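These are the residues of each chain, in order.
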2 protein chains.
Amino acid sequence: MDQSGRPSERESEAALPNKSAVPVSLVTIKAACSQCSLHELCISEGLGKEELAKLDSLVGARRKLKRQQNLYRAGDPFEALYAVRTGFFKTDVLLEDGRDQVTGFQMAGEILGMDGIGTEAHSCNAVALEDSEVCVIPFAQLEQLSREIQALQRNFHKVMSRELVRDQSLMMLLGTMRAEERLAAFLLNMSQRFTARGYSPAEFHLRMTREEIGSYLGLKLETVSRAFSRFQEEGLIAVQQKHIRLLDGEGLKRLLNARPR
Amino acid sequence: MDQSGRPSERESEAALPNKSAVPVSLVTIKAACSQCSLHELCISEGLGKEELAKLDSLVGARRKLKRQQNLYRAGDPFEALYAVRTGFFKTDVLLEDGRDQVTGFQMAGEILGMDGIGTEAHSCNAVALEDSEVCVIPFAQLEQLSREIQALQRNFHKVMSRELVRDQSLMMLLGTMRAEERLAAFLLNMSQRFTARGYSPAEFHLRMTREEIGSYLGLKLETVSRAFSRFQEEGLIAVQQKHIRLLDGEGLKRLLNARPR
DNA sequence: CTGCCGCTTTGATCCATGTCAATACGATAA
DNA sequence: TTATCGTATTGACATGGATCAAAGCGGCAG
């Protein structure tokens, strides 16, 4: 279904009316960090009451996106960061020759758009994998405010740094792990992130296709599918399409630490 | 020579006297951004005279490292960033099971240590690949000063963001490219970075071994060596050990853009 | 100069994953 | 209900890179 540059994605994109700079889905409901349940995951973490009020005034609007809609595209001018409120995103990079790769999946409380700061333009595409909502954080104002609020400055730096560390792990995965290790690492990571958000650690719904998982893990979709089947045979997980149950998390971890060869 | 966790590296490490927290090579010569020729590559880029003076007072000391010496290790408490003044570094991550991977090579003007901000501890090792010198930038003071100097804040954010984008490219490389494409990308990247520092774009000396290149590119050293040989046969480059001459940069670029299969 | 050691090159073989192809499944629309 | 379309599974086969092994090379210490 892929091969020639994701025709399906392009088509579904084209089918959506939102090609203009001002998306139809930009709603004016103000975000309110002070009210937000994602506190401890977001850049608002640990701020005092007064500081939260300031942050509220900065975080502009929320923006709603439908499944398959782009939050931004590679090349778009960079203006704001986005905090995922609800839903699920992927980021991907497209090479001139048509090859692309998913570089990350983002869920509630995670920040999107930091790739754009360095060049003032986004370097990847961000796409909603289900109907989603983000808080828009105008970057100039974030910098302004983080010059005033030390804790905010620190939070922001930490978020960026953790992203660097996350990238390191992904490099490690892509550079040294075999297919089944990669998938085990992926599942454990998903589980851990769902858990941190109060969902079941052992049962979840994947929002992405096998192809997207494969792209993220540097594998072909058939390899991902086979690894899922193998895990199921071995009683490590129960798979039913996108619904996953982890039956033996320890077993998955063991798979990771087993020296290759 | 690898397989069991880089014994050679460990040995050469052990041979060095510097295992203590205070390295023998910590010299007290003050760094001076205002005098530094790496301006346009470093976080001091674009600062005014007065601002540079403030930065000078912040940038603590320089620190000299001998070949194979660690600038920091995974787990070390994070206190400062380091700007490479002279020399050449690698960063690498070590998995519990002994596998490791080089996550980057750093040269003059590039910043090391940002991985530590998020957790207050470094997440990788930084090792000098030749005798080197860094400027020590105490992080708390950098944050302090970047609350005062907008341009410094902006520079720092840009440096971090560019690191994120660099990581994206590396993921792309590790996830989608074949061996020869990876090596071509690596050589072109080296050339470009040497060029930006005023060295010859077509002729340079690699400071790292084939094994380190392979680790960085997700390949085995034999594969790297074979790719070098192939490039030489095809007249793209001239290799003599670590000395590389690019004979046909365009040819290398073509290799990159050629769709695989 | 000689010998050693780390690094590199090259060859032969193996295997994990990619590729190609057929089929199955599940949701949605007609 | 049936047709359709995107997605997922499974099988057969091909292949790029890993692995194992053997020289070759160059620098450094004695």
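This text goes with the structure placed above it.
Residues numbered from 1 in each chain as written. Chains lettered and ligands numbered in written order. Predicted model: local features only at pLDDT ≥ 70, side-chain atom pairs only at ≥ 80, totals over all residues. Heavy atoms only, no water.

K.L.:
What should I look at first to understand the overall build of chain A in this one?
P.N.:
Of the regular secondary structure elements, chain A holds 8 helices and 12 strands. The burial tally for chain A puts 55% of its 261 residues in the buried class. Sequence separation of at least 24 residues holds for 73% of the intrachain contacts in chain A that already meet a minimum separation of 6. Entry remark: accessible area of chain A is about 11800 Å², with carbon and sulfur atoms responsible for 51%. (Helix = DSSP H or I, 4+ residues; strand = E, 2+ residues; numbered from the N terminus. Buried < 20%, exposed > 50% of the residue type's maximum accessible area, 1.4 Å probe, protein only. Contact = heavy atoms within 4.5 Å. Areas by Shrake-Rupley, 256 points an atom, 1.4 Å probe, with all protein chains shown as cover.)

K.L.:
What is the right way to look at the interface of chain A and chain B in this model?
P.N.:
How big an interface is tends to be stated in terms of accessible area lost as the parts join. Opposite the 50 residues of chain A that make contact, chain B presents 51 residues. By the criterion of area lost to chain B, the three top residues of chain A are Arg 99, Arg 147 and Met 171 of chain A, representing 16% of everything that side buries. Put simply, chain A and chain B have 8 salt bridges between them. Here Arg 154 of chain B and Glu 120 of chain A are joined by a salt bridge, their closest N and O atoms 3.2 Å apart. At the boundary of chain A with chain B, the tally comes to 32 residue pairs in polar contact (both at pLDDT 80 or more). If one sorts the elements of the side of chain A that touches chain B by residue count, helix 4 (residues 150–176) of chain A sits on top with 20 residues. Its residues assigned to classes, the side of chain A that touches chain B comprises 18 nonpolar, 17 polar and 15 charged. (Buried area = accessible area lost by both parts, 1.4 Å probe. Salt bridge = Lys/Arg side-chain N within 4 Å of Asp/Glu carboxyl O. Polar contact = N/O pair within 3.5 Å; in protein donor to acceptor, adjacent residues only side chain to side chain. Nonpolar A, V, L, I, M, F, W, Y, C, P; charged D, E, K, R; others polar.)

K.L.:
How should I be thinking about the sheet that holds strand 11 (residues 237–240) of chain B in this particular structure?
P.N.:
Sheet strands pair by backbone hydrogen bonding; their relative direction is either parallel or antiparallel. All names here are of chain B. Strand order in the open sheet formed by 3 strands is 10-12-11, and the pairing between neighbours is antiparallel. Strands at the two margins of the open sheet, each flanked by one partner only, are strand 10 (203–205) and strand 11. Sheet twist, expressed as the average angle between the axes of neighbouring strands with direction ignored, equals 15°. With 4 bridges connecting them, strand 11 and strand 12 (residues 243–246) associate as antiparallel partners. Residue Gln 240 lies in a different strand from strand 12, and its bridge partner there is His 243. In this fold helix 7 (residues 221–233) packs onto strand 11 and strand 12, with an angle of close to 130° to the strand it touches most, strand 11. (Pairing = 2+ DSSP bridges. Axes fitted to C-alpha atoms, helices over the stretch in contact; angles between N-to-C directions.)

K.L.:
How should the protein's contact with DNA strand C be read in this particular structure?
P.N.:
What surrounds DNA strand C is a group of 19 residues, the closest being Ala 179 and Thr 223 of chain A together with Arg 210, Ser 225 and Ser 229 of chain B. Among all atoms of DNA strand C positioned within 4 Å of the protein, those belonging to sugar or phosphate total 64%. Arg 210 of chain B places a main-chain nitrogen or oxygen 2.8 Å from a phosphate oxygen of DNA strand C. Listing elements by their share of the surface near DNA strand C, those giving two or more residues are helix 7 (221–233) of chain A together with helix 7 of chain B. Per-element accounting of the surface near DNA strand C gives the leading share, 5 residues, to helix 7 of chain B. (Near = heavy atom within 4 Å.)

K.L.:
Would you mind showing me how to read the packing of aromatic side chains here?
P.N.:
What characterises a pair of aromatic rings is the spacing of the ring centres plus the angle enclosed by the ring planes. Residue and element names in this part refer to chain B. Taken as a whole, this structure holds 18 aromatic pairs over all chains when the rule is applied. Seen in terms of ring centroids, Phe 194 and Tyr 199 are 6.1 Å apart; in terms of plane orientation they differ by 80°. Their pairing is edge-to-face. A relative accessible area of 3% means that Phe 194 is categorised as buried. Here Tyr 199 falls in the exposed class, since its relative accessible area comes to 54%. (Phe/Tyr/Trp six-rings, centres within 6.5 Å; stacked < 30°, edge-to-face > 60°.)

K.L.:
Hey, could you run me through the nonpolar core in this one?
P.N.:
In globular proteins that are soluble, nonpolar side chains generally tend to be buried together. In terms of nonpolar packing, the biggest core is built from 104 residues, with Phe 186 of chain A together with Phe 186 of chain B touching the most fellow members. For Phe 186 of chain A, the contacting residues outside a window of four places in its chain are Phe 105, Leu 206, Met 208, Ile 213, Tyr 216 and Leu 217 of chain A. Counting residues in hydrophobic clusters, the runner-up holds 50 residues, among them Leu 52 of chain A together with Ile 43, Phe 78 and Phe 156 of chain B. (Core = buried A, V, L, I, M, F, W, Y, C linked by side-chain atoms within 4.5 Å.)

None of this, on its own, says anything about what the molecule does.
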